[in-house]
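Understanding the architecture of this molecule
Residues per chain are reported as follows:
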Amino acid sequence: MMRLGTGIGWRPEIADAVERMPGIDWVEAVAENLCPGHLPDSLLRLRERGVTVIPHGVSLGLGDAERPDEGRLAALAERAEALGSPLITEHIAFVRAGGPLTASPWLEAGHLLPVPRTRDALDVLCENVRIAQDALPVPLAVENIAALVAWPGEEMTEGQFLYELADRTGVRLLIDVANLHTNHVNRGEDPAKALAELPLEAIAYVHVAGGFERDGVWHDSHAHPVPRPVLGILTDLASRVSPPGVLLERDENFPEPAELGRELDAIREAVELGGEGGTALARAWSSVGGRATTEGEPVPPARATEPVAPSEATRQRLGLAQTALLSALVAGTPVPEGFDRVRLGVQARALAAKRADVVAKVAPELPLILGNGYRAAFVAYTQGHPMRGGYRQDALDFAEELLLGGRLTEGRTRRELRRWWLDRSGPAPRPTSRLSQVGRAGRSLIRR
């Protein structure tokens, strides 16, 4: 296994700081934010210095009931080749549901949602992972995710589920210790028990990130300092196996470079402590609410076994279950039986808030045009309008709904929003002197 060392998530907002930061052995970049033919200069300079860059996918949907999209796989492969990456990473999650399997419209989550830990879901996930492995030019590693909700009727623990996945496919694991902490707080799962059940020799690297707790729910924000319990889980992991690489994730609310440096130092210290046999201290640090975790022994390395393809009926069962859950989260349909209604409400609000935040980044003109009313208007819009084609399309659909739905009266705000929509909704930028040339086929201009 390649030794990566200590890394940080590369983001445009901290690109300059990352380049100047001492002791950075490698970086990870969100794959969907990169264009292979126009890579950011910062990443190119890091590559020239010999810094490894790994593309981290967030939208493939390996846990979807449908098979992975060939276009998305080709895009991941292209990014890995452009960066000279030794590895590609993605998530054990579903991100969309519906479609032909369920004879219903496609629904996009815009977020990573947990797959049920059942035999059906595992069979589908294993085949999807094998399809991805065959399509990618370098090895694949998959990440455990954080979850606010738990599926009813689960048949395995997280550790057992990950062990079987690695055993059956030979896929490598990206273990996010912050997500283990999240699932401990939100679902009562013991992080040390999960570590004890993992095939630790399959670990490609480790993620560390911060979050916050509100009303008994831990939110994996990637926008807050790494808390001590998460460092404790990292120490526990390092006491069981020497992780090939450890990476600090931060997606927003970026602190000063010196503060990021201190967090990286704390991560290095946590790994060193584990390597020195600091399991007892790790258990104490991982304790939440007075309940210490338990120690376990490592399990044998993962190995790929003979594949058993799931039937179409298996995929359909999973697809129907995922569609029912996602529809309740983004379309306001009834909560499926067995789910916690309160937690589902928290997740639905979190999804709406994330959509609002990401659309504000993708289309920063919208908050400027709408001012303080942007967020409330967008959250209200999400309640009856599931995302149907990514965040850029979401921004256009939102603006169109405001203009056609009569929510904006005549005035400067409506004129500016209409101009913005016209500039971006056509197949090419709008000529400033000829508004009539713009618009979708078969549709007149947005009503004046």
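Procedures and definitions
Each chain carries its own residue numbering, running from 1 in the written order of its sequence. Totals for whole chains, interfaces and linings use all residues, but because this is a predicted model, local features are given only for residues with pLDDT of at least 70 and pairs of side-chain atoms are given and counted only at 80 or more. By convention in this description, side-chain values take in all heavy atoms of the structure and omit both hydrogens and water. Strands here are runs of E lasting at least two residues and helices are runs of H or I lasting at least four, both read from the DSSP assignment and numbered beginning at the N terminus. Between buried and exposed lies partly exposed: a residue is buried under 20% and exposed over 50% of the maximum accessible area for its type, with that area taken using a 1.4 Å probe on protein chains only. By definition, residues are in contact when any of their heavy atoms lie within 4.5 Å. A 1.4 Å probe and the Shrake-Rupley method give the accessible areas. Residues count as covered only by the protein chains that appear here. Think of pLDDT as the predictor's per-residue confidence, scored from 0 to 100. In this description, a line fitted to the C-alpha atoms serves as the axis of each element, helices being fitted only across the stretch in contact, and the angle between N-to-C directions of two axes falls anywhere from 0 to 180 degrees. Relative orientations are named as follows: roughly parallel for angles under 35 degrees, roughly antiparallel for angles over 145 degrees, roughly perpendicular for angles from 65 to 115 degrees, and oblique for any other angle. Asp, Glu, Lys and Arg are counted as charged, while Ala, Val, Leu, Ile, Met, Phe, Trp, Tyr, Cys and Pro are counted as nonpolar; the rest, among them Gly, fall into the polar class. A carboxyl oxygen of Asp or Glu within 4 Å of a side-chain nitrogen of Lys or Arg is what we treat as a salt bridge. By definition here, a helix of n residues has an expected span of 1.5 Å times n minus one. The crossing is said to be left-handed when, going from far helix to near helix, the turn is anticlockwise and less than a right angle, and right-handed when the turn is clockwise. Each nonpolar core is a collection of buried residues, namely Ala, Val, Leu, Ile, Met, Phe, Trp, Tyr and Cys, held together in the definition by side-chain atoms within 4.5 Å. Handedness of a crossover is defined as follows: orient the strands so they point away from the viewer, and if the path from the first strand over the helix to the second runs clockwise, the crossover is right-handed. In this analysis, rings of Phe, Tyr and Trp, with Trp reduced to its six-membered ring, are considered paired at centre separations within 6.5 Å, and the interplanar angle assigns stacked below 30 degrees, edge-to-face beyond 60, and tilted for intermediate values.

Let us now look at the overall build of the protein chain. If you tally the helices and strands in the protein chain, you get 16 helices and 12 strands. By the burial criterion, 54% of the 448 residues in the protein chain qualify as buried. Considering only contacts within the protein chain whose residues lie at least 6 apart along the sequence, 75% involve residues at least 24 apart. When the accessible area of the protein chain is evaluated, it comes to approximately 19,300 Å², of which 51% is carbon and sulfur surface.

On to the confidence of the model for the protein chain. On average, residues of the protein chain score 88 in pLDDT, and 88% of them reach the 70 mark or higher. A low-confidence stretch, residues 284-302 (pLDDT under 50), is modelled with 53 contacts involving residues beyond four sequence positions or located in other chains.

Packed helices, taken two at a time, are described by their axes: the angle between them and the distance between them. At a minimum axis separation of 8 Å, helix α11 (residues 312-330) and helix α12 (residues 341-362) run at an interaxial angle of 65°. Of the possible angle classes, the one that applies to α11 and α12 is roughly perpendicular. Taking contact as the criterion, the partners of L325, A328, L329 and V330 in α11 are, on α12, L344, Q347, A348 and L351. Taken together, the residues of the contact of α11 with α12 break down into seven nonpolar, one polar and no charged.

In this section: unusual backbone geometry. In the Ramachandran plot, A103 falls in the positive-phi region, its phi being about 50° despite a non-glycine side chain. Considering the arrangement of structural elements, one finds A103 in the loop between β5 (94-99) and β6 (104-113). The class for A103 is exposed, based on a relative accessible area of 74%. A positive phi angle is found at H222, which is not glycine, with a value near 55°. Here H222 lies in the loop between β11 (217-219) and α8 (228-240). Judged by its relative accessible area of 9%, H222 is buried.

This part covers the pattern of salt bridges. This model, assessed by the stated rule, comprises 24 salt bridges. Where E312 meets R67, a salt bridge forms, and the shortest distance between an N and an O atom there is 2.8 Å. Here E312, found in helix α11, pairs with R67, found in the loop between β3 (52-56) and α3 (70-83); they are 245 residues apart in sequence, far enough to count as distant. Notably, a salt bridge pairs K193 with E197, separated by 2.7 Å at the nearest N-O pair. Of this pair, K193 and E197 both sit in helix α7 (residues 191-197), four residues apart, roughly one helical turn. Judged by relative accessible area, which is 37%, K193 ranks as partly exposed.

In this model helix α15 (residues 390-404) runs 21 Å from its N-terminal to its C-terminal C-alpha over 15 residues, within 8% of the 21 Å that 1.5 Å per residue would give. The complete set of buried residues in α15 reads Y391, D394, A395, L396, D397, F398, A399, E400, L402 and L403.

For the rest of this paragraph, the subject is the packing of α12 against helix α14 (residues 374-382). Running from N to C, α12 and α14 cross one another at 125°; their axes reach a closest spacing of 9 Å. One element, α12, and the other, α14, form an angle in the oblique class. When the axes of α12 and α14 are compared, the crossing they make is right-handed. Together, A352, A353, R355, A356, D357, V359 and A360 of α12 and Y374, R375, F378, V379, Y381 and T382 of α14 make up the contact between the two elements. Here the residues of the contact of α12 with α14 are counted per class, giving nine nonpolar, one polar and three charged.

Moving on, we get to the nonpolar core. Formed by 86 residues in total, the largest nonpolar core has its most connected members in I8 and V27. Listed in part, the 22 residues of the second largest apolar core include I369, F398, A399 and L403.

Now for the pairing of strand β7 (residues 140-143). Side chains of β7 alternate between two faces, with L140 and V142 and A141 and E143 buried alike. Crossover handedness for the path β7 to helix α5 (residues 158-169) to strand β8 (residues 172-176): right-handed.

For the structure on display, the rule yields eight aromatic pairs. Seen from their ring centres, W26 and Y205 are 4.6 Å apart, and the 70° between their planes marks the pair as edge-to-face. Of the two residues, W26 sits in strand β2 (residues 26-30) while Y205 sits in strand β9 (residues 203-208), which places them 179 residues apart along the sequence. Using a relative accessible area of 0% as the deciding quantity, one classes W26 as buried. You can call Y205 buried: its relative accessible area is 0%. Aromatic pair Y374 and F378: ring centres 5.9 Å apart, planes at 35°, arrangement tilted. With Y374 and F378 both in helix α14 and four residues apart, the pair spans about one turn of that helix. Neither residue differs from the other here; Y374 and F378 are each classed as buried. Put simply, the rings of Y374, F378, Y381 and F398 touch in pairs and so form one group of aromatic residues.

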